[in-house]
Amino acid sequence: MDFFTNTNILFFLAAYLIGSIPFGSILAKTFAGVDITAAGSKSIGATNVLRVVKETNPALAKKLGLATVILDALKGTLVLLVAMYYGLSESTLWGVAILSVLGHCYSIYLGLEGGKGVATGLGVYLVLIPIPTIIGAVVWIVCAKVLKISSLSSLLGLVAVVISASFLNNGLNVGSNIPMYIIAFIIIYKHIPNIIRMIKGEEKKVI
C-alpha cells in the first residue's frame, strides 16, 4: 500500500495521466466535429489541429490550434508547479517533466499514440529552465515565420533550448543534464517521420 501513498509515485502517475489527455483531439472533435487522429498526420498536436480543421473552417482552426498549444503546455506546467509547492526534489521534478512529455507522446487514452511533445516539452522546460526556454521559444517563433515548416521550427527551437541550458543551467541542479536530454530525445524521436520528409523535400508548410 505504501506504493499508492508515496508522494513521488503519486506525482509521477499524475504527470503521465494528465500528460496523456489529448486536448487537440478533444477540441477538434467537440468544436469542429473532426477526428484529427484519423486525418492529416494523425497527431494530436496543434499543427495537425490547425491543418485538419483549416480545411473546413480556417478561422476556427487558428483558435483551436492556439488553445491546443496552451493546454498541452499547461498540462505539464501545472503538475510541476503543484509538485514544487509540495517541496519535491529537483530530481523528482525532472521525473515529473519527463512523464508529462511521455504521456503526451504515448497517451494511455489513445492506445499509446499521441503527439510530438513540443508544447508539453515547452511547458515543463519553461518551469525548470525558464531562460533557455524563452530563448528557444523566440527561435521557434522566428523560424516558424521565416521557414513556415512547423516541425523544423520546433526542432530548431529545441536545439536552442538544449544548447542555452548547457551553458546557463549546466547540471540542472541534479548534477546531470540527462533529464533534459531525455525529453529532447523523446521529441526528436517522435519527429523522425518529419525529418525523413524534410530530407526528401516532402514536408508540408503551414501557410
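Residues numbered from 1 in each chain as written. Predicted model: local features only at pLDDT ≥ 70, side-chain atom pairs only at ≥ 80, totals over all residues. Heavy atoms only, no water.

Q: Kindly report on the overall build of the protein, identifying the contributing residues and their values.
A: Summing up its helical and strand segments, the protein has 11 helices and 0 strands in all. Counting helices and strands in the order they occur from the N terminus, the protein gives α-α-α-α-α-α-α-α-α-α-α. Taken over C-alpha atoms, the radius of gyration comes to 17 Å for the protein, in line with the 17 Å a tight globule of 207 residues would show. By residue count, 44% of the 207 residues in the protein fall in the buried class. Look at the contacts in the protein between residues 6 or more apart in sequence, and 65% of them connect residues 24 or more apart. Carbon and sulfur atoms provide 70% of the accessible area of the protein, an area that totals close to 10,600 Å². Across the protein, 15 positive and 8 negative side-chain charges occur, with their mean positions spaced 12 Å apart. (Helix = DSSP H or I, 4+ residues; strand = E, 2+ residues; numbered from the N terminus. Rg over C-alpha atoms; globule rule 2.2 N^0.38 Å. Buried < 20%, exposed > 50% of the residue type's maximum accessible area, 1.4 Å probe, protein only. Contact = heavy atoms within 4.5 Å. Areas by Shrake-Rupley, 256 points an atom, 1.4 Å probe, with all protein chains shown as cover. Lys, Arg positive; Asp, Glu negative; His and termini not counted. Charge placed at Lys NZ, Arg CZ, Asp CG, Glu CD.)

Q: Break down helix α7 (residues 118-128) for me, with residues and values.
A: Each α-helix winds once per 3.6 residues, and so residues spaced three or four apart point in a common direction. With 9 of 11 residues buried, α7 lies mostly within the body of the structure. Those residues of α7 that fall on the buried side of the exposure criterion are V118, A119, T120, G121, G123, V124, Y125, V127 and L128.

Q: Any details on the layout of surface pockets? Residues and values, ideally.
A: By volume, the second largest pocket amounts to about 260 Å³. Lining the second largest pocket are 14 residues; nearest its centre among them are S41, S43, E113, G114 and K116. For the lining of the second largest pocket, the residue count by class is 3 nonpolar, 6 polar and 5 charged. (1 Å grid on protein atoms, 1.4 Å probe; cavity = no way out; pocket = protein on both sides within 12 Å on 5 of 7 lines; lining within 4 Å. Points joined across faces, edges and corners; volume = space filled by probe spheres on them. Nonpolar A, V, L, I, M, F, W, Y, C, P; charged D, E, K, R; others polar.)

Q: How would you summarise helix α2 (residues 7-19) if you had to cite specific residues and measurements?
A: Over its 13 residues, α2 runs 18 Å from end to end, which matches the ideal 18 Å to within 8%, given 1.5 Å per residue. Among all positions of α2, only F11, A15, Y16 and G19 are buried. Down the axis, α2 shows its buried residues gathered within 130° of arc, on one side only. Those residues of α2 hidden inside the fold are in contact with α5 (58-85) and α6 (90-105). (Expected span 1.5 Å × (residues − 1). Arc of directions from axis to C-beta.)

Q: Requested: an account of the nonpolar core, with residues and values cited.
A: As a rule of thumb, soluble globular proteins bury nonpolar side chains together. If you look at the biggest cluster of nonpolar residues, it comprises 29 residues, and the most contacted ones within it are L80, W94, Y125, I129, M180 and I183. Mapped by element, the contributors of at least two residues to this core are α2, α5, α6, α7, α9 (150-168) and α10 (178-190). Per element, the largest residue contribution to this core is 7 residues, and it comes from α6. Setting aside chain neighbours within four positions, we find L80 in contact with L93, V96, A97, V124, V127 and L128. Listed in part, the 11 residues of the second largest apolar core include A28, V34, I36 and A61. (Core = buried A, V, L, I, M, F, W, Y, C linked by side-chain atoms within 4.5 Å.)

Q: How would you summarise the side chain of T120 if you had to cite specific residues and measurements?
A: Tracing the chain through its elements places T120 in helix α7. T120 gets classed as buried once you look at its relative accessible area, which sits at 1%. Beyond its immediate sequence surroundings of up to four residues, T120 is in contact with D72, A73, K75, G76, S100, V101 and H104.

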